[in-house]
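# Residue-level structure breakdown
Read off the chains here:
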Amino acid sequence: LKNVIPNDGFLIKICQETVPLIENELSKSNPYNVKSMAVFAAGNLAFGIRERKSENYFVPPASIQSLMSKVCSCLDDKNEKVVGNAIRSVGHLAFIVFHPPYSSYLESDPTSKKLFTFAMKQLCQKACQASMRQAVLSMTWKERSSAKKHGW
């Protein structure tokens, strides 16, 4: 990414204009495909910031916190595609938050630390649920019946 766009200033401007658009779409009661793409865009934004490996804040820490909160709310969505994209995006957002330059902000702000700890717990829980659901779907009727019997 540094070879394509050598100037951080341009990327900072793009990122700071993009976050409110993503948050706006996540705040509305949009159809699942719009919400899914907005969550995916949040993940791509975080991934781009991560890959840039810059010491600059591309997005103010408070905006990252707000975006994380909105993406986390999508972990409870009824649509599996939205939940899957939210799991991916929370992972990317968490990566940039727990690494410089954002990690210093996290350490200095207890509220942010609580939010991101909560987000990571939710992420782990949803990822486990998704893998369990996939495991159940790949089981035969007889295997599911046996698992249900042993579960009781």
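Starting afresh in each chain, residues are numbered from 1 along the sequence in its written order. Given that the model is predicted, a residue must reach a pLDDT of at least 70 before its local features are reported, and side-chain atom pairs must reach 80 or more before they are shown or counted; all residues, however, enter totals for whole chains, interfaces and linings. Excluded from the side-chain calculation are hydrogens and water; included are all heavy atoms of the structure.

With that out of the way, let us pick up the overall build of the protein. Counting from the N terminus, the helices are DSSP H or I runs at least four residues long and the strands are E runs at least two residues long. Each helix and strand counted, the protein has seven helices and zero strands in total. Scanning the protein from its N terminus toward the C terminus, one meets helices and strands in the order α-α-α-α-α-α-α. For every residue, the accessible area obtained with a 1.4 Å probe (protein chains only) is divided by the maximum for its type, and the residue is called buried under 20%, exposed over 50%, and partly exposed between those limits. Burial statistics for the protein: of 152 residues in total, 36% are counted as buried. By sequence separation, contacts in the protein at least 24 residues apart represent 73% of the contacts at least 6 residues apart. Roughly 9,300 Å² of accessible area belongs to the protein as shown, and the carbon and sulfur atoms make up 59% of that amount. Contacts are assigned to residue pairs with any non-hydrogen atoms lying within 4.5 Å of each other. The method behind every accessible area is Shrake-Rupley, applied with a 1.4 Å probe, and residues are considered shielded solely by the protein chains displayed.

Given 3.6 residues to a turn, an α-helix orients residues that are three or four positions apart in the same direction. What a helix is expected to span follows from its residue count: subtract one and scale by 1.5 Å. Over its 20 residues, helix α1 (residues 8-27) runs 29 Å from end to end, which matches the ideal 28 Å to within 8%, given 1.5 Å per residue. Those residues of α1 not exposed but buried are D8, L11, I12, C15, V19, I22, E23 and L26. Seen along its axis, α1 keeps its buried residues to an arc of 95°; they face one direction. Buried-residue contacts for α1 involve α2 (32-52) and α3 (61-73). By arc we mean the arc of the directions from the helix axis to the C-beta atoms, nothing more.

Bringing the nonpolar core into the picture now. In this structure, V59, L67 and V71 are the most contacted members of the largest nonpolar core, which totals 34 residues. Of all elements in the fold, only α1, α2, α3, α4 (80-97), α5 (102-108) and α6 (110-137) reach the threshold of two or more residues within this core. Broken down by element, the residue count for this core peaks at nine residues, all from α4. Sequence-distant contacts of L67, defined by excluding residues within four places in its chain, comprise V19, I22, E23, L26, A42, L45 and L93. The set of buried Ala, Val, Leu, Ile, Met, Phe, Trp, Tyr and Cys residues whose side-chain atoms join them within 4.5 Å is what this entry labels a nonpolar core.

A word on the side chain of S103. Among the structural elements, S103 can be located in helix α5. Sequence-distant contacts of S103, defined by excluding residues within four places in its chain, comprise V97 and F98.

Further remarks concern the environment of V90. On the secondary structure map, V90 appears in helix α4. Sequence separation of V90 and C72 is 18 residues, and the distance between their C-alpha atoms is 6.9 Å.

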